[in-house]
Amino acid sequence: MTRVWITRPLPGPVLDAARALDAEVVVREETGPLADAELRRALRDFDIVLPTLGDMFSAQVFADVGGARCRLLANFGVGYNHIDVAAAHAAGIAVTNTPGAVTDATADIALMLMLMSARRAGEGERMVRAGQWPGWHPTQMLGLHMSGKRVGIVGLGRIGQAIAHRCHYGFGMEVHYTSRSEKNVPFPAVRAPDLMALAEGVDFLVIAVPGGAETHHLIGEDVFNAMAPHGHLVNISRGDVVDEAALASALTEGKIAGAGLDVYEFEPQVSEALLGMEQVTLLPHLGTAALEVRTDMGRMAVANIAAFLNGETLPNPV
Ligand code: NAP
C-alpha cells in the first residue's frame, strides 16, 4: 500500500482529508524539523512525504538515498528553499507547493510590521507593560506617519502584489517595485531600474522574493547605505535574503530608522544585537499563522497528493 508521511501535526480537517486518501497515512507528532536520519528515512520508507519549512532535503540527502522509494514531496507552504528541487527531480521525485493559500495572510503581516516599525508599537507596548508610561504628551514616542509615503517592494509576485494593493488602497501610498519581469497591476506601480534605485527613493523597503541561492543576502550593506535614514526595512520572505549582521550595523549606525522582521537568517535564532534594539519589531514567523490559512495550505498539499495517487496532473508543481 502507498505510504504517506506527514512530518508535522496539522489542523484536524487536513488530517481528515489525508486519512480519506487511498493510502496508509503516518503523522509525525514532533513539531520540530526532521533530523538527518529522518530525512533519509522519509525518502527510503515512504512513497509520498508532506514536508514543510525546516525539513532540509538537500542534494546530499538525495545522494545518500540511492533508489529512493519516495516519488512526491508535497510541501506545506509556498516557499520551498529547504528542498533542493533540482536534486529531487534528478532522483525522479516531484515537488509541489501551496501558492495562493498564503498570500493575503502574509501580506497582512507585512502591513502589520510596517505599521509597528513606523509607529513604534513594540517599543510602546513594552513601555506600558513595564509600568513606565508617564501619560500622553505631544512629543512622546513620535514615529513615522505611514499614510501617503512611498513603499518599495522587492519582488512583486503574489504576496508583493497583495502588499502593494493594501499600501495603495488602504494607505494612499506610492508603490514602487523591482521584479524580474514587468507587472500589470490595477493601480499605479512604478518599476525601479534596479534594487539600489528602489532603495534610494523609498520610505519603506519590503522584501517579498523567494529564498534560495539567487536571493541569499540580496539585501546587504549597499542597500542600507542607499536607504534614507528615516527608512524602515520589512522582511516577510526568508531570513537569509537579508544579511542580518549588516542590518544590525545599519540600525546601530542610524543608516535606517527601524526594521520589522517575520523571518531570520538563522531561524529560530535571532541575533543578540537585534534582540537588544528598541527600533526592531521581531515576530516569530507568523506570516500564515491563522487556523483557516493553515487549513487551506494543508488541503492544497493533500490535493496534490490525491492528484498524484490518481495519476492526474499535479495542481501545483515546482
Ligand atoms: P511569487 O508569486 O513567486 O513571487 C516572488 C516574486 O519575487 C516574483 O515577483 C519574482 O519575480 C520575484 N523574484 C524571484 N526571484 C527573484 C530574484 N532572484 N530577484 C528578484 N526578484 C525575484 O511568490 P509568493 O507567493 O509571493 O511568495 C514569496 C515568498 O514569500 C515565498 O517564496 C516564501 O519564501 C515567502 N513567504 C513567507 C511567509 C511567512 O510566513 N513569512 C509566508 C508565505 C511566503 P517574477 O514574477 O518576475 O518571476
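The model shown is predicted, which means the values in this text are computed figures rather than measured ones.

About the cut-offs
Residues numbered from 1 in each chain as written. Predicted model: local features only at pLDDT ≥ 70, side-chain atom pairs only at ≥ 80, totals over all residues. Heavy atoms only, no water. 1 Å grid on protein atoms, 1.4 Å probe; cavity = no way out; pocket = protein on both sides within 12 Å on 5 of 7 lines; lining within 4 Å. Points joined across faces, edges and corners; volume = space filled by probe spheres on them. Nonpolar A, V, L, I, M, F, W, Y, C, P; charged D, E, K, R; others polar. Helix = DSSP H or I, 4+ residues; strand = E, 2+ residues; numbered from the N terminus. Contact = heavy atoms within 4.5 Å. Pairing = 2+ DSSP bridges. Axes fitted to C-alpha atoms, helices over the stretch in contact; angles between N-to-C directions. Parallel < 35°, antiparallel > 145°, perpendicular 65-115°, else oblique. Left-handed = near helix turned anticlockwise from the far one by under 90°. Near = heavy atom within 4 Å. Polar contact = N/O pair within 3.5 Å; in protein donor to acceptor, adjacent residues only side chain to side chain. Areas by Shrake-Rupley, 256 points an atom, 1.4 Å probe, with all protein chains shown as cover. Core = buried A, V, L, I, M, F, W, Y, C linked by side-chain atoms within 4.5 Å. Buried < 20%, exposed > 50% of the residue type's maximum accessible area, 1.4 Å probe, protein only. Domains from an automatic or database assignment. Expected span 1.5 Å × (residues − 1).

1. With respect to the layout of surface pockets
Here the second largest pocket defines a volume of roughly 200 Å³. A class-by-class count of the residues in the lining of the second largest pocket yields five nonpolar, seven polar and four charged.

2. Re the side chain of Glu38
Note on placement: Glu38 falls in helix H2 (residues 36–45). Setting aside residues no more than four positions away along its own chain, Glu38 makes contact with Trp5, Arg28 and Pro33.

3. So, the sheet that holds strand S9 (residues 204–207)
One open sheet accounts for seven strands, arranged S8-S7-S6-S9-S10-S11-S12; its pairing is parallel. Each of the sheet's edge strands pairs with one partner strand only, and the pair in question is strand S8 (190–191) and strand S12 (280–282). Pairing between strand S6 (residues 150–154) and S9: four bridges, direction parallel. Across the sheet, the residue bridging to Ile153 is Val206, located in S9. Contacts between helix H10 (residues 244–252) and the sheet are confined to strand S10 (232–235), strand S11 (258–261) and S12, with S11 contributing the most and set at about 145 degrees to the helix.

4. Quick word on the packing of helix H1 (residues 12–19) against helix H12 (residues 291–309)
Running from N to C, H1 and H12 cross one another at 15 degrees; their axes reach a closest spacing of 8 Å. When the interaxial angle is binned, H1 and H12 end up roughly parallel. Seen from above, H1 lies across H12 with right-handed handedness. Where H1 approaches H12, its residues Pro13, Val14, Ala17 and Ala18 are matched on the opposing element by Arg294, Thr295, Gly298, Arg299 and Val302.

5. Looking at the site of the ligand
Neighbouring residues of the ligand: 25 residues in total, closest Ile159, Arg180, Ser181, Lys183 and Ile236. Here an oxygen atom of the ligand sits 2.7 Å away from a polar atom, N or O, in the side chain of Arg180. In this structure, a nitrogen atom belonging to the ligand sits 2.9 Å away from a main-chain N or O atom of Ile236. A total of 940 Å² of accessible area belongs to the ligand in isolation, and the protein chains cover 86% of it.

6. Re the nonpolar core
By size, the foremost hydrophobic cluster in this structure holds 53 residues, and its most contacted members are Ile6, Met114, Val151, Ile153, Ile163 and Ile236. Built from parts of two domains, this core gets at least three residues from each of domain 1 (3–101 + 291–309) and domain 2 (103–282). Beyond its immediate sequence surroundings of up to four residues, Ile163 is in contact with Ala107, Ala110, Leu111, Ile153, Val206, Ala208 and Ile236. With 29 residues, the next largest nonpolar core counts Leu198, Ala199, Leu247 and Ala250 among its residues.

7. Quick notes on helix H7 (residues 158–171)
Along its 14 residues, H7 runs 19 Å from first to last C-alpha, staying within 8% of the 20 Å computed at 1.5 Å per residue. Of all the positions in H7, only Ile159, Gly160, Ala162, Ile163, Ala164 and Cys167 are classed as buried. Elements in contact with the buried residues of H7: helix H5 (103–118), S6, strand S7 (174–178) and S9. Downstream of H7 by one or two residues, Gly172 has phi in the positive range, about 55 degrees.

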